[in-house]
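In case you want the letters, here they are:
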Amino acid sequence: IRPDNLVSHGLIVFSVCVTMMSCTVCLNHDATGYGPVFEDQPVDTIYPEESPEAKITMSCRARANPPATYTWRLNSRNIDQDEDNHYTLVGGNLVISNPIKNKHVGKYTCKATNDYGTVVSREAAVQFGYLDFFSSEEREAVYVKEGQGAVLLCAPPPHYPDELSFRWILNEFPVFIPLDKRRFISQTTGNLFISKVDSSDSGNYSCFVSSASIAKSVFSKFIPLVPLAEPFPEWTESISSTERDISSDYTMSCEASGKPKPHVHWLKNGYPFRGLTFEDSGMYQCRAENRHGVVYADAELRVIGELNSLSDYAWLRPMQCCILEIICFVSFIRMLIWEDGSLEILNVTRADEGRYTCFAENDRGKANSTGFLSITEATKITLAPSNADVTAGESASMQCAASHDSTLDITFVWTMDGRSIDFDRDGSHYERNPNGGSSGELIIKNTQLNHSGRYTCTAQTPVDNVSASADLVVRGPPGPPGGVRVEEIRNKSVRLIWSSGADNHSPISKYTVQCRDWFSKEDWRDATTSPPDVEGNAETATVVDLFPWTEYEFRVIATNTLGTGDPSSPSPKVTTLEAVPVVAPSDIGGGGGTSKELTITWTPVQPQYYYGRNFGYIIAFKPHDVYEWMKVTVADPEAKHYVHKDSSIPASTEFQVKVKAFNIKGEGPYSLTAVIYSAQDVPSEAPTSVEARALSATEAIVWWLPVTQHTVEGYQVRYWMKVEDREASSQRVVVSSRENQTRLENMRPNSPYLIEVRAYNAAGYGPPSHHFQIYTKKAQLFDFCFPPAPSRPPKIISKKLKGTSVNIAWEHVEPLANESTIDGYKVLYRKAGLSTGLLYTTGKRSIDLPMPRDGDCVVEVRAYSEGGDGAVAQVRISGKHQSKPLHPFYMTVDSTKDPPSILNDCRLH
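Looking at an unreviewed UniProt entry, the chain carries the name Contactin 1, with the source organism given as Oncorhynchus mykiss. Note on the chain: under the UniProt heading Subcellular location (unreviewed entry), the record states "Cell membrane". Recorded under Sequence similarities (unreviewed entry), the UniProt text for the chain is reproduced unchanged: "Belongs to the immunoglobulin superfamily. Contactin family."

As structure tokens, then:
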């Protein structure tokens, strides 16, 4: 495969050459070509068998470069136009002319092909719709007692599709029975149910059946409904009309029941009758009566001769023939008589209306029958729908009006692309003109893209129908592009190719490319492309600024002047190529740890910056006065620290460190150089001048002179009872290096305690001070007579400067159920590092204290009660300058007087 390096009009042409047996075949492919993408596909179609338009059109259209060629299949077999001249291809559309039911019913698919490939449409079924006429046989009358229920059976004729609508005619068309609480029509069977029959229900009923799919209606023979009123005397066996051969015997039976038993009499035109002759034809009545009344059963008897060998037929039509007004069919081109005697009239006109009588005669006798032919005005479309063009969301109107015979009822049926519109199911979008009458206007509300299509209005009466069609175009945002795929994968870019989707009747103005990677999971973001703006006629773009060695998916979104469409389906997942890492670890630091160790820490690189396999870190470090760097490798990509152990490392020595990342493709840049210190040694000095004093039976205070080493981080105070040698289970208190005193609590009354203090830092604890011994005070009587002191400290809620004072406020302490009631609060105001200071007592929940000039100050607040002092809450304030240490002191100050001015000028911390 070699590029021909031909550039014409901005297009690059590639040649694919295959050499076989010294023969080279080259195929040139234009870089802008693409495979077929369907813009229009076939849909299920129902073809009315009586349709005046004797053709079916199956749609198929695809956008492709080069243009696609089309083939069709019926029931998975290729359609050969040469073998069946009913088929014609118009573009990609398949037209079936004069369709035949047993040849053209089935499932059709369209196939579009070009040099880039083939796509197959969805299956679409073609079915023939029909609605046969009802049987011409007379329907039997339905007799029912008043007050009882009745069911009139519709028994619709053969039809397709199954969806029918049913109404019932009463006595004559177009009088339809109203539905109410007593009357119900099943839209499944068509049967009419009347819950309580009364005399007003008497009449002749016909089932009126409509098929919206094929725009046709038929109605049944009339069914007489006869309500029977009380009293009964009623018939248990009745007579019915019949025909019998001449000279034959015939028995009519009549039985009636009632109380008292009715008398039955026979009448034939009011007289007795003999054996059957032609003269015996007539109306017969069976009359039953008792004292409650009379009932009649009526029947007609016709005595006929067999007319199997007719010698002649004739038709009589008044005022049309010169001799005996007999129509001679030889002389009428438009009128034909069939072998069975039926009369056919071609191209009827209003002049053909009238009463027609058929005469039949043979050697056995004569017979005749009369009927009336009514001619109605043809239905015509007077206002046809016109093509409409709207934007999605707007409403559209399709006009339709028709003239029709005034004696007939008219209905309007609408279809879209051959499918009936269901106004009940799709009522949110489709609405009829509420005025009705001879107008069948269709209103389409809040149009959507799928409402585009061909709309057909059919004006339908019981005897004919006529149709007119128009196209509705709904414009909207573009459809999703198709066939998104990735080519030319590099470490930071890929080339994306797609096929344009439907523009929905508004040209595409631009495309937006989006991507998501393995790290963002479901979050799509706009990708950076080259060129930055992807024009609406483009079907390729280069996506840049990607992360190397990262799995990506891409999708494309089209935009036109009407909005932005739905995104395409995601492309297949691809992984960009590996590259040398470019991001270095951050926040380089460390120090501390155990003696003879150098701890180095950093913030790891995020996974999206690994850029390749085998990711890890290279740590470089050296003493600040040494030239060469020591290096170690850490292969764990999530590592956050490294500890270098070396017995020759001096304590608290300055080191320079830097870290960089590496992967299979190479090493990235170093981070900025940071300065850290090796681990400290434990403090070598012990605190001196340790002293303590008992404050109560359970508390004491201890203080000491701090050590001079700058590496000290704090002090640990241990204390235990001497008499029981409890050093192993001693109590401990830890304070920061800024403190040189602390309070010891939870001690036993009147007991000897040993106390020691030692300094500590990150490397461990230094040597202990000498043991200092104290005795706690004896327990006073009130210690046993009153509940214990409050166990919870006050909660400090504010510190506010007020001129030369600072206000400290706290929340009230609620004692527990077993604790003494709070009497007030003690506030100790002392210099930081000292154990004594000014002690205030107050019943309030705030206090103003003078601000000291120098050093840090500590305020301790505790509640007190008859059971003693409660737990302590502390707040610290800082001074401007450090002052010389003060000797310990302890004072009690009356809170009602101004405090002594020994502490001044302190600001809030």
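What follows continues from the structure just given.
Q: Sorry if this is basic, but what is going on with a nonpolar patch on the surface here?
A: Residues Val151, Leu153, Phe184 and Phe193 make up a contiguous nonpolar surface patch of roughly 370 Å² in combined accessible area. The residue Phe184 is located in strand β19 (residues 183–185) in this model.

Q: Looking at this structure, how should I read the environment of Asn98?
A: Positionally, Asn98 belongs in the loop between β11 (93–97) and α1 (101–104). Sequence separation of Asn98 and Asn85 is 13 residues, and the distance between their C-alpha atoms is 9.9 Å. The contact partners of Asn98, leaving out residues within four places of it in the chain, are Ala54, Lys55, His86 and His104.

Q: For this particular structure, what's the right way to read the sheet that holds strand β10 (residues 87–90)?
A: Where strands meet in a sheet, backbone hydrogen bonds hold them as pairs that are either parallel or antiparallel. Across the sheet, which stays open at both edges, the three strands sit in the order β6-β11-β10 with antiparallel pairing between neighbours. Each edge of the open sheet is held by one strand with a lone partner, namely β6 (55–58) and β10. Pairwise comparison of adjacent strand axes, ignoring direction, gives a mean angle of 20° for this sheet.

Q: Where do I start with the pairing of strand β61 (residues 654–663) in this structure?
A: Within a regular strand, side chains alternate between the sheet's two faces. Within β61, eight of the ten residues are buried, leaving the element largely enclosed by the surrounding structure. As defined by bridge partners, strand β58 (residues 616–623) adjoins β61 across eight bridges and the pair is classed as antiparallel. By the bridge assignment, Tyr617 is partnered in β61 with Ala661. Both β61 and strand β63 (residues 674–677) contribute to a ladder of four bridges, which runs antiparallel. Looking at β63, one finds that Glu654 is bridged to Tyr677.

Q: How do you make sense of the side chain of Ser730 when you look at a structure like this?
A: Take Ser730: it is sitting in the loop between β66 (714–721) and β67 (731–736). A residue is classified by how much of its surface remains accessible, and Ser730, at 8% relative accessible area, is buried. Separated by 3.3 Å, the side chains of Ser730 and Arg718 make a polar contact. Ignoring anything within four residues of it in the chain, the contact list for Ser730 reads Arg718, Tyr719 and Trp720.

What counts as what
Residues numbered from 1 in each chain as written. Predicted model: local features only at pLDDT ≥ 70, side-chain atom pairs only at ≥ 80, totals over all residues. Heavy atoms only, no water. UniProt positions renumbered as here; feature names shortened; annotations may be inferred. Patch = residues over 30% accessible without salt bridge, like charges linked within 9 Å, V, L, I, M, F, W, Y side chains within 5 Å. Areas by Shrake-Rupley, 256 points an atom, 1.4 Å probe, with all protein chains shown as cover. Salt bridge = Lys/Arg side-chain N within 4 Å of Asp/Glu carboxyl O. Helix = DSSP H or I, 4+ residues; strand = E, 2+ residues; numbered from the N terminus. Contact = heavy atoms within 4.5 Å. Pairing = 2+ DSSP bridges. Axes fitted to C-alpha atoms, helices over the stretch in contact; angles between N-to-C directions. Buried < 20%, exposed > 50% of the residue type's maximum accessible area, 1.4 Å probe, protein only. Polar contact = N/O pair within 3.5 Å; in protein donor to acceptor, adjacent residues only side chain to side chain.

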